[in-house]
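# Overview (structure and organization)
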Amino acid sequence: MGIKERRETAEEMFARLCSALDEKKIDYDRDEEEFTVSFKIFGDDLPMRFTFKVNMHRQFMMVSSRLPFAVHEEKYTDMALAACIATKVIPDGRFLFRPELLRIDYRMSWHYRDSEMGDGFFSHLVDCALSTVEKYNDKFFSLNEGLIALREFMK
């Protein structure tokens, strides 16, 4: 696939992603040159920031969300284990413990090369990312602050 075809496909994927966000009435910043959208929403307790990116050259889409707190050094082991535990049970994506940056990130990606994605896919993509981060961000925060033990995180 040539660069022109890759760009056209990326533009289509980006437009469909933006359309799904518009349907959900999510206010977002849009960078059409980089095929990136970012937004901040509030869940039950903690704010959540998301970045969705369409990678034209590698032909995949990615969502990332940095949890909104710094990991305490004394909690490194618990947070690393919690990221592994959460990643094992979530249906899509993964939590990454990044000790060099003192943070936990959520990431999910999909290759769209030679794929046919229905319109419902983009809505599912957004819903899945938002609900996963919403479900786990409070648990990670509570573990980091010593409000719950790792055993409670696992419930």
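Look a little higher up for the structure.
Our subject in this report is the structure included herewith. (Residues numbered from 1 in each chain as written. Predicted model: local features only at pLDDT ≥ 70, side-chain atom pairs only at ≥ 80, totals over all residues. Heavy atoms only, no water.)

## A word on the overall build of the protein
Along its length, the protein carries 4 helices and 6 strands. Ordered by position in the sequence, the α and β elements of the protein form the string α-β-β-β-β-α-β-β-α-α. Computed over the C-alpha atoms, the radius of gyration of the protein is 17 Å, within 12% of the 15 Å expected from 2.2 N^0.38 for a compact globule of 155 residues. Seen along its three principal axes, the alpha-carbon backbone of the protein occupies a region of about 50 × 30 × 25 Å. When each of the 155 residues of the protein is scored for burial, the buried share is 43%. Long-range contacts, defined here as pairs at least 24 residues apart, represent 54% of the contacts in the protein between residues at least 6 apart. (Helix = DSSP H or I, 4+ residues; strand = E, 2+ residues; numbered from the N terminus. Rg over C-alpha atoms; globule rule 2.2 N^0.38 Å. Buried < 20%, exposed > 50% of the residue type's maximum accessible area, 1.4 Å probe, protein only. Contact = heavy atoms within 4.5 Å.)

## Description of the pattern of salt bridges
Taken as a whole and assessed by the stated rule, the structure comprises 8 salt bridges. A salt bridge links Arg16 to Glu12, with the nearest nitrogen and oxygen atoms 3.5 Å apart. Of this pair, Arg16 and Glu12 both sit in helix H1 (residues 3–23), 4 residues apart, which is roughly one turn of the helix. One salt bridge in this structure joins Asp105 and Arg98, with 3.1 Å as the shortest N-O distance. Each of Arg98, Glu100, Arg103 and Asp105 takes part in salt bridges that share partners, so that together they form one network. (Salt bridge = Lys/Arg side-chain N within 4 Å of Asp/Glu carboxyl O.)

## Quick notes on the packing of helix H2 (residues 76–89) against helix H3 (residues 119–144)
Taken N-terminus to C-terminus, the directions of H2 and H3 make an angle of 160 degrees; their axes are 10 Å apart at the nearest point. Classified by the angle their axes make, H2 and H3 are roughly antiparallel. Where H2 crosses over H3, the two elements pack in a sense that is right-handed. For the pair formed by H2 and H3, the contact residues are Asp78, Met79, Ala82, Ala83, Ala86 and Val89 on the first element and Tyr136, Phe140, Leu143 and Asn144 on the second. Tallied by class, residues from the contact of H2 with H3 come to 8 nonpolar, 1 polar and 1 charged. (Axes fitted to C-alpha atoms, helices over the stretch in contact; angles between N-to-C directions. Parallel < 35°, antiparallel > 145°, perpendicular 65-115°, else oblique. Left-handed = near helix turned anticlockwise from the far one by under 90°. Nonpolar A, V, L, I, M, F, W, Y, C, P; charged D, E, K, R; others polar.)

## Remarks on the nonpolar core
Ranked by internal contacts, the top residues of the largest apolar core, which has 48 residues, are Phe50, Phe52, Phe95, Ile104, Phe140 and Phe153. The dominant element in this core, judged by the number of residues it contributes, is H3, at 10 residues. Excluding anything up to four places from it in sequence, Phe153 contacts Ala82, Ala86, Tyr136, Lys139, Phe140, Leu143 and Ile148. (Core = buried A, V, L, I, M, F, W, Y, C linked by side-chain atoms within 4.5 Å.)

## Examining the environment of Phe14
Structurally, Phe14 can be placed in helix H1. Its relative accessible area of 3% is what places Phe14 among the buried residues. Excluding anything up to four places from it in sequence, Phe14 contacts Arg30, Asp31, Glu32, Phe35, Thr36, Val37 and Val54.

## A look at the sheet that holds strand E1 (residues 29–31)
Within the open sheet, the 6 strands sit side by side as E1-E2-E3-E4-E6-E5. Their pairing is antiparallel. A single partner strand is all that each edge strand has here, and the edge strands are E1 and strand E5 (94–98). In this sheet, neighbouring strand axes are inclined to one another by 20 degrees on average, regardless of whether the strands run parallel or antiparallel. Pairing of strand E4 (residues 60–66) with strand E6 (residues 103–111), which is carried by 7 bridges, proceeds in the antiparallel orientation. The residue bridging Phe60 from the neighbouring strand is His111, located in E6. (Pairing = 2+ DSSP bridges.)

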